[in-house]
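What follows is each chain in one-letter form.
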Amino acid sequence: MIDLRSLQTFYAVAQLGGFHKAADKLHTSQPAVSARIAQLERQLNGRLFERDKRGCFLTSQGRELLTYAERMIALESEMVEAVAGRKGLSGSVSLGASDTIVHTWLSDLLKQLSQEYPEITLDVIVDSTANMTTGLADCTLDVALLMGPVNIGNAENLPLCSYPMSWIKSPKLDLGDKPLTLEQIATLPVITYARNTRPYWQLKDMFDRKGLHKVRLFSNSSLSSIVRMTMDGIGIAAIPEHAVFDELSSGKLHTVASTHEMPVMSFTASFIERADMPLNRMVAQLAQKVAAEYWRV
């Protein structure tokens, strides 16, 4: 009799392309994964994987089993939700989030997830869009809240929100009361996101198109550090107002009017549909709902 746990193990190896990766994902040991696959191969009287230095690959028999495994795993999740409701669903979800989302409505999402899915555990990773895209591709990340959309394989992208970037300064920095031109801003250190991010290159392109090639862009991978540097008066920040709502409300930071249009940061909840991870879509959809509620407030 083929048990569901063995099929889940087989599916994980097939999706991740390796026994070691599957073991990490399933929180078990590689020998345990190998034993379950060996048992399946004995029961089905054939090899399910071919292995070489690059990893492991499905045989023709393995590809046929994959179709049935997907159906059975999906049916099991459907059964649990139908009988026990959403609160009966369990599992671990690796959730990636952009620094900007962390500073706005991520805590609201985590509260909602805890209420609606009390049996799931979350592994929250704050990282760059580039790294999160890689994580989705190699299945080390289940859902990513990032600057999207993501164009990999069969990834799905649910639109979340868009943040216009603004010029933010410390009250210590006296820039007058009139809107600043891009030429005036280019005389100041500009503090913004890391070099490998879309906002950084959008800003650089904006200055380049005006022939302002000598602008000093201070890149930083930590939004908290950007805010600290701005409050210390080191330069003018190019970040969304929503990321520093409290600081603006308290007067610790001020917005700066300008005569030009600023880039917009658009975010998506991106994930790859998988039979063994029905929570991926549910988490992404809840993120979409929480983001919409945040913007209505």
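See the structure above.
This one's a predicted model, so the numbers in the text were calculated from it and none came from an experiment.

K.L.:
Quick question: what am I supposed to make of a nonpolar patch on the surface here?
P.N.:
On the surface, a cluster of nonpolar side chains totalling about 260 Å² of accessible area is made up of V102, L122, V124 and V126. No other element matches strand β4 (residues 120-126), which puts three residues into the nonpolar patch. Following the sequence through the fold, V102 ends up in helix α5 (residues 99-102).

K.L.:
Explain the pairing of strand β2 (residues 55-58) here, please?
P.N.:
The two faces of the sheet receive side chains in turn, since in a regular strand these alternate between them. Pairing between strand β1 (residues 49-52) and β2: four bridges, direction antiparallel. Bridged to E50 within β2 is F57. Here β1 hands over to β2 after two residues, the two strands then running antiparallel side by side.

K.L.:
What is the right way to look at the environment of V126 in this model?
P.N.:
Residue position: V126 is located in strand β4. Separated by 74 residues in the primary sequence, V126 and Y200 place their C-alpha atoms 18 Å from one another. When sequence neighbours within four positions are dropped, the list of residues in contact with V126 reads A97, D99 and V102.

K.L.:
For this particular structure, what's the right way to read helix α2 (residues 19-26)?
P.N.:
Side chains of residues three or four places apart in an α-helix project in the same direction, reflecting 3.6 residues per turn. All of the buried residues in α2 are F19, A22 and A23. All buried residues of α2 lie within an arc of 100 degrees about the axis, which places them on one face of the element. In this structure, the buried side of α2 is in contact with α1 (4-16), α3 (30-44), β1 and β2. Once α2 ends, the next one or two residues include H27, with phi positive near 55 degrees.

K.L.:
Explanation requested: the side chain of S98 in the structure shown.
P.N.:
Secondary-structure assignment places S98 in the loop between β3 (91-97) and α5. Overall, the relative accessible area of 8% leaves S98 in the buried class. Each residue touching S98, except ones within four places of it in the same chain, is listed here: D127, M132, L145, L146 and F267.

How each quantity is defined
Residues numbered from 1 in each chain as written. Predicted model: local features only at pLDDT ≥ 70, side-chain atom pairs only at ≥ 80, totals over all residues. Heavy atoms only, no water. Patch = residues over 30% accessible without salt bridge, like charges linked within 9 Å, V, L, I, M, F, W, Y side chains within 5 Å. Areas by Shrake-Rupley, 256 points an atom, 1.4 Å probe, with all protein chains shown as cover. Salt bridge = Lys/Arg side-chain N within 4 Å of Asp/Glu carboxyl O. Helix = DSSP H or I, 4+ residues; strand = E, 2+ residues; numbered from the N terminus. Pairing = 2+ DSSP bridges. Contact = heavy atoms within 4.5 Å. Buried < 20%, exposed > 50% of the residue type's maximum accessible area, 1.4 Å probe, protein only. Arc of directions from axis to C-beta.

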